[in-house]
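Observations on chain architecture
Now for the letters of each chain:
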Amino acid sequence: MNEMQPATAAPRTVEEFMTHACALEAEAAERYTELAELMAAHNNPELAALFAKLAHIEGLHRDQILERMGWPAPPDPSVCRWETPEGPETTDYGDLHYLMQPWHALKLALHNERRAAEYFERLAGGPVPAGIRSEAAEMAAEEREHVRLILEWLGRVPEPEADWDHDFDPPRAVD
Amino acid sequence: MSEPGAAVPVPGDYKSDVKPVWCPGCGDFGVLNAMAKAMARMGLRPEEIAVVSGIGCSSRIPAYTACYGLHGVHGRALPTATGLKIARPDLTVIVTGGDGDGYSIGGNHFLHACRRNVDLTYIVMDNRVYGMTKGQPSPTTETHWSSKLAPQGTGLSEFHPMAIALASGANFIARGFTGDPNGLADLIVQGVRTPGFSFIEVLSPCITFRPEQKEWKKLVRPAMLAATDDTAQAARQIFTDDGMNLGVLFAGARPAYQPPIGSGRRSTQELEARFAL
């Protein structure tokens, strides 16, 4: 979960705002897909399936925005400026661990959803045109609903033991 | 450049179907991501780019891109890339590797690549350890980092890549962080667009052998000072730097070295004939 806070520029039009919203969902979906493939490569089918499911969900959100805007494909994301190094719903590569469990993956998803909600809430409460304010408020409410759903999901997944990252066959041999 | 009317390139266009086998949490994912973003931003076609590497975890990158690639000999990525760029100046040549490959086995090539100033962009993923071979100290490993092979540390001074690059004549010197792929993509674009030898040092945590490097994301920050073209000022900045400032340190104006090709060129068959017994 990256700590850097580069400068950000708020979208100026509803179209710019929707470009950001679309990029946010698209990047999150792409990253979850990448993580699913990574976990499959590391012979962790349970996490691969979970990340693939999260990718599918984020992909649906991206598609909803595309449909609503009548865009055939996501617009160029390089115009987007975030408060975080990547989109607020994108998992930081550095937060993974080779022994992580579904609970950890869901905690990352929860963090992402909360950060997305906060991003939209800040926009909704900020000095932006009224059209962006209402769209951002709607998106924030959706992200809060996702937070609630992930929390429910987390409640059904066992919490790992304290020594979950203890490797009985560690990569680095120690005396 | 992309032809008019062609579809706008996206980062995914520059990734191959080969899936990375890096450890979950490895910083090198961020570099692959940044490279793909940079390539898309520059609008280059994959076949207009060659990615050349040596040996090591990070040197696997060429296989993960859809560009021309060469996963070559340990420490020899720079001379290979130099030959390629001189023979094919039309290609954008990006060289990738790690701190062990680039600063130890390939250390001498690093000095002379900076000095020659051929138009290459060299991205070094520095995790201060030999990850692929199970965690031995590398040239940039901190003096007191204790490991099985070097209990209580190596006791050796750390190699200072940015100082070496500046002293040896690199035309562009920057530092990026894998946790900021967008910022790193900006640096790669600037590096490629700056003529001559561009060196980008990337802080790339090794989650497996240096898990303490997870803390880097709390320590890195954008550099307070803008890039300079004054080597003396850049040198002062390097030696007062704690290693966590990100951005372009030095951008010079030295013309790239590109010897004329064509007139003295021989065909492969002619060259081969000279070696025939």
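Predicted, not measured: the structure shown is a model, and the values here were computed from it.

Section: helix α9 (residues 231-239) of chain B
Residue and element names in this part refer to chain B. For α9, the complete set of buried residues consists of A234, Q237 and I238. Looking straight down α9, one finds its buried side chains confined to an arc of 100°; they lie on one side. When the buried face of α9 is taken as reference, the exposed residues oriented beyond 90 degrees from it are A232 and F239.

Looking at the environment of R62 of chain A
Residue and element names in this part refer to chain A. As for its placement among the helices and strands, R62 is situated in helix α2 (residues 45-69). Residue classification places R62 among the buried residues on the basis of 20 C-beta atoms within 10 Å. With 33 residues separating them along the chain, R62 and A29 place their C-alpha atoms 8.2 Å apart. Not counting residues within four places of it along the chain, the set of residues in contact with R62 comprises C22, E25, A26, A29 and P74.

A closer look at the pairing of strand β1 (residues 49-53) of chain B
Each regular strand carries side chains that alternate between the two faces of the sheet. Residue and element names in this part refer to chain B. Counting buried residues in β1 gives five out of five residues, a clear majority hidden from the surface. Residue alternation in β1 divides its side chains into two sets, I49, V51 and S53 and A50 and V52, and both sets are buried. Sheet topology places β1 next to strand β2 (residues 68-71); four bridges connect them, and they run parallel. Considered in β2, the bridge of A50 is made with Y68.

Quick notes on the sheet that holds β1 of chain B
Residue and element names in this part refer to chain B. The strand order β2-β1-β3-β4-β6-β5-β8-β7 describes an open sheet built from eight strands, whose pairing is mixed. Each end of this open sheet is capped by a strand with a single partner; those strands are β2 and β7 (221-222). Looking at chain direction, β1 and strand β3 (residues 92-98) are connected through five bridges and run parallel. When the bridges of β3 are listed, S53 appears paired with T96. Running at roughly 175° to β3, helix α3 (residues 77-87) makes contact with β1, β2, β3 and β4 (121-126) of the sheet.

Comments concerning the nonpolar core
Counting 106 residues, the largest nonpolar core has F51 of chain A together with V95, Y122, I123, I173 and I188 of chain B as its most contacted members. Considering every element that reaches this core, the biggest residue donor is helix α1 (residues 14-41) of chain A, with 14 residues. In contact with F51 of chain A, not counting residues within four places along its chain, are Y32, L35, A36, M39 and A105 of chain A.

So, the interface of chain A and chain B
The interface is formed by 24 residues belonging to chain A together with 28 residues belonging to chain B. Tallied by class, residues from the side of chain A that touches chain B come to 12 nonpolar, five polar and seven charged.

With respect to the packing of helix α6 (residues 161-168) of chain B against α9 of chain B
All names here are of chain B. Contact geometry of α6 with α9 gives a least axis separation of 10 Å together with a crossing angle of 170°. Put simply, α6 runs roughly antiparallel to α9. For the element pair α6 and α9, the recorded crossing hand is left-handed. Residues M162, A163 and L166 of α6 form the contact with α9, whose participating residues are T231, A234, A235 and I238.

Examining α1 of chain A
All names here are of chain A. With 28 residues, α1 extends 40 Å between its outermost C-alpha atoms, agreeing within 8% with the 40 Å of an ideal straight helix rising 1.5 Å per residue. Most of α1 is tucked away: 21 of the 28 residues are buried. The first or second residue beyond α1 is N43, which carries a positive phi of 55°.

Some thoughts on the environment of V73 of chain B
Note on placement: V73 of chain B falls in the loop between β2 and α3. Distance in space between the C-alpha atoms of V73 of chain B and I55 of chain B is 6.3 Å, their sequence separation being 18 residues.

Quick word on the packing of α1 of chain A against helix α4 (residues 130-155) of chain A
All names here are of chain A. For the pair α1 and α4, interaxial distance at closest approach is 9 Å and the crossing angle is 25°. Regarding the angle of α1 to α4, the classification is roughly parallel. Between α1 and α4 lies a crossing whose hand is right-handed. Residue-level contacts link V14, F17 and A21 of α1 to G131, I132, E135, A136 and M139 of α4. Of the residues that constitute the contact of α1 with α4, the class distribution is six nonpolar, one polar and one charged.

Looking at the environment of G169 of chain B
Looking at the secondary structure, you find G169 of chain B in the loop between α6 and β5 (172-177). If we skip the residues at most four places from it in the chain, G169 of chain B touches C114, R115, N117 and R254 of chain B.

Some details on the confidence of the model for chain B
All names here are of chain B. Here chain B averages 93 in pLDDT, and 96% of its residues register 70 or above. Segment residues 1-5 is flagged for pLDDT under 50; beyond a separation of four residues in sequence, or across chains, it makes five contacts in the model. Across the interface, the model reports ipTM at 0.88; the global pTM reads 0.91.

Definitions and limits used
- Residue indices begin from 1 for each chain and proceed along its sequence in written order.
- Key to labels: chains lettered from A, ligands numbered from 1, both in the order written.
- A pLDDT threshold of at least 70 governs which residues receive local features in this predicted model, and a stricter bar of 80 or more applies before side-chain atom pairs are shown or counted, although totals over entire chains, interfaces and linings include all residues.
- Partly exposed residues are those whose C-beta has more than 12 but fewer than 20 other C-beta atoms within 10 Å; with 20 or more the residue is buried, with 12 or fewer it is exposed, and the C-beta atoms are placed from the backbone.
- Secondary structure is summarised from DSSP: a helix means a run of H or I of at least four residues, a strand means a run of E of at least two, and numbering begins at the N terminus for each.
- Regarding the arc, it is the one traced by the directions from the helix axis to the C-beta atoms.
- By definition, residue pairs are in contact when their C-beta atoms, positioned from the backbone, come within 7 Å.
- Strand pairing is assigned whenever DSSP identifies at least 2 bridges connecting the two strands.
- For helices, the fitted line uses only the C-alpha atoms of the stretch in contact; every axis is such a line through C-alpha atoms, and the angle between N-to-C directions lies from 0 to 180 degrees.
- Residues of type Ala, Val, Leu, Ile, Met, Phe, Trp, Tyr and Cys that are buried and joined through C-beta atoms within 7 Å form what is called a nonpolar core.
- Polar here means any residue outside two lists: the nonpolar Ala, Val, Leu, Ile, Met, Phe, Trp, Tyr, Cys and Pro, and the charged Asp, Glu, Lys and Arg; Gly therefore counts as polar.
- In this scheme, roughly parallel covers angles under 35 degrees and roughly antiparallel covers those over 145, while 65 to 115 is roughly perpendicular and the rest are oblique.
- With the far helix as reference, a near helix turned anticlockwise by less than a right angle produces a left-handed crossing, and one turned clockwise produces a right-handed crossing.
- By definition here, a helix of n residues has an expected span of 1.5 Å times n minus one.
- One number per residue, pLDDT, summarises how confident the predictor is, and it ranges from 0 to 100.

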